[in-house]
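# Overview (structure and organization)
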Amino acid sequence: MGLQLRRDGRAMAQDGIRLVNVFTHQGQGGNPCPIVIDAAALRDEDMRAIAARYGHESGFVRPPSGTDSDFTFRFWVPRHEMEMCGHATIGALWCLATAGRLDAEQMRIETRSGPVTGYVENRASENPSVEISQPVGKVVDLTREQEEDVLATLRISRGDLLDLPIQNAVTSRVKTLIPMKSVAHLQALTTDMALTEKCCERIASTGLYPYAVADQAERRFEARQFPKSSGYPEDAATGIAAAALAFGLLRNDLVPRDSGRITILQGRAMNALSEIRVRIGFADGRPVGCLLGGEVMPAADYAA
């Protein structure tokens, strides 16, 4: 499949696939994401084939099924459909905004994991700001047996971790939070796709998400994502995992109980350093959800 460079420098495939990088850091990195903003005619096998062709999570914008939503978003990775994908949702809203397809700055989106609200500031500009809602996170400590399973899968010991539990956390999809002792310990991790998939099946998770404290006072953390069965060993940026991590950080008293921005850097080991931003919302002192956001850049060069 060929690739066209538009006059504004943005990359677009000849069959209407918009190519963007989501959660970029200082204009670089991010998670590559193919987006189709007119996907009503695509069959399931067409969407999966696009994801397989590009080797990344892909987002597809379709008409709403009823009057409660403005759009339906669907998400595919090379091996299967996903209920929700944070960076593809942000990327799709960004593409809709820059294509002049949004009538308001607040949009209601139907996904297979439930409704999502998107907030798009400066939607008429060339670089709108996008945040999406996520429900309040649930965090559960793993059992000792489950912890040992995770440690064995990553070929590490308890001595490589902070004195905190390994936890399953979820906003839209369950992620396993692994508190590494340092950023150096985090970056030294290696993983095996087959072992990761089997471990995630046993502990009811969709991905291992080891993290480390980079600067607690600045609320800055680093993380890596080893997905269960996406068809590739690691993600450069994983918004849904970052949202789940924010509630794990709150549960473990690593961030204050306010709505200040939490910054999660991911992708360093892949030479694609990415930046994900999360703000937890509170009502009467209790967390009620969060907003997930980050920068989006058009892909200037993308080999399909």
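In short, a report on the structure. Along each chain, residue indices are assigned from 1 in the same order as the chain's sequence is written. Restriction of local features to residues with pLDDT of at least 70 applies here, the model being predicted, together with a cutoff of 80 or more for giving and counting side-chain atom pairs; totals for whole chains, interfaces and linings are based on all residues. Heavy atoms from the whole structure form the basis of all side-chain values; hydrogens and water molecules are not counted.

## Digging into the environment of C95
- Here a helix means four or more residues in a row that DSSP labels H or I, a strand means two or more in a row labelled E, and each is numbered from the N terminus. By secondary structure assignment, the location of C95 is in helix α2 (residues 86-98).
- Sequence spacing of C95 and I37 is 58 residues, and the spatial spacing of their C-alpha atoms is 7.4 Å.
- In this analysis, two residues are considered to be in contact whenever any of their non-hydrogen atoms come within 4.5 Å of each other. Ignoring anything within four residues of it in the chain, the contact list for C95 reads R18, V20, I35 and I37.

## Describing α2
- For α2, with 13 residues, the first-to-last C-alpha span of 19 Å sits near the 18 Å given by 1.5 Å per residue.
- With 12 of 13 residues buried, α2 is to be regarded as a mostly interior element.
- Within α2, burial applies to G86, H87, A88, T89, I90, G91, A92, L93, W94, C95, L96 and A97. Expected span of a helix, by definition, is 1.5 Å for each gap between consecutive residues, and there is one gap fewer than residues. Only protein chains enter the calculation, and the probe is 1.4 Å; a residue is then buried if its accessible area is under 20% of its type maximum, exposed if over 50%, and partly exposed in between.

## Let's talk about the pattern of salt bridges
- Any carboxyl oxygen of Asp or Glu within 4 Å of a side-chain nitrogen of Lys or Arg constitutes a salt bridge here. Within the structure shown, the criterion is met by 19 salt bridges.
- With its nearest N and O atoms 2.5 Å apart, the salt bridge here joins D258 to R219. Taken together, the residues span a long stretch of sequence, with D258 in the loop between α6 (239-251) and β17 (262-266) and R219 in the loop between β14 (207-215) and β15 (220-223) at a distance of 39 residues.
- Look at D258 and you get partly exposed, because its relative accessible area is 32%.
- Of the residues examined, R219 reaches a relative accessible area of 15% and is grouped as buried.

## Some remarks on the packing of aromatic side chains
- Under the pairing criterion, centres of Phe, Tyr and Trp rings, with the six-membered ring standing for Trp, must be within 6.5 Å; the plane angle then separates stacked pairs below 30 degrees from edge-to-face pairs above 60, leaving the rest tilted. Applying the stated criterion to the full structure yields 2 aromatic pairs.
- Judged by centre distance (6.2 Å) and plane angle (35°), the ring pair of F71 and F73 falls under tilted. The exposure classification of F71 matches that of F73, with both residues buried.
- With a centroid separation of 6.5 Å and 85° between ring planes, the pair formed by F73 and F75 is classed as edge-to-face. Assigned by exposure class, F73 and F75 land together as buried.

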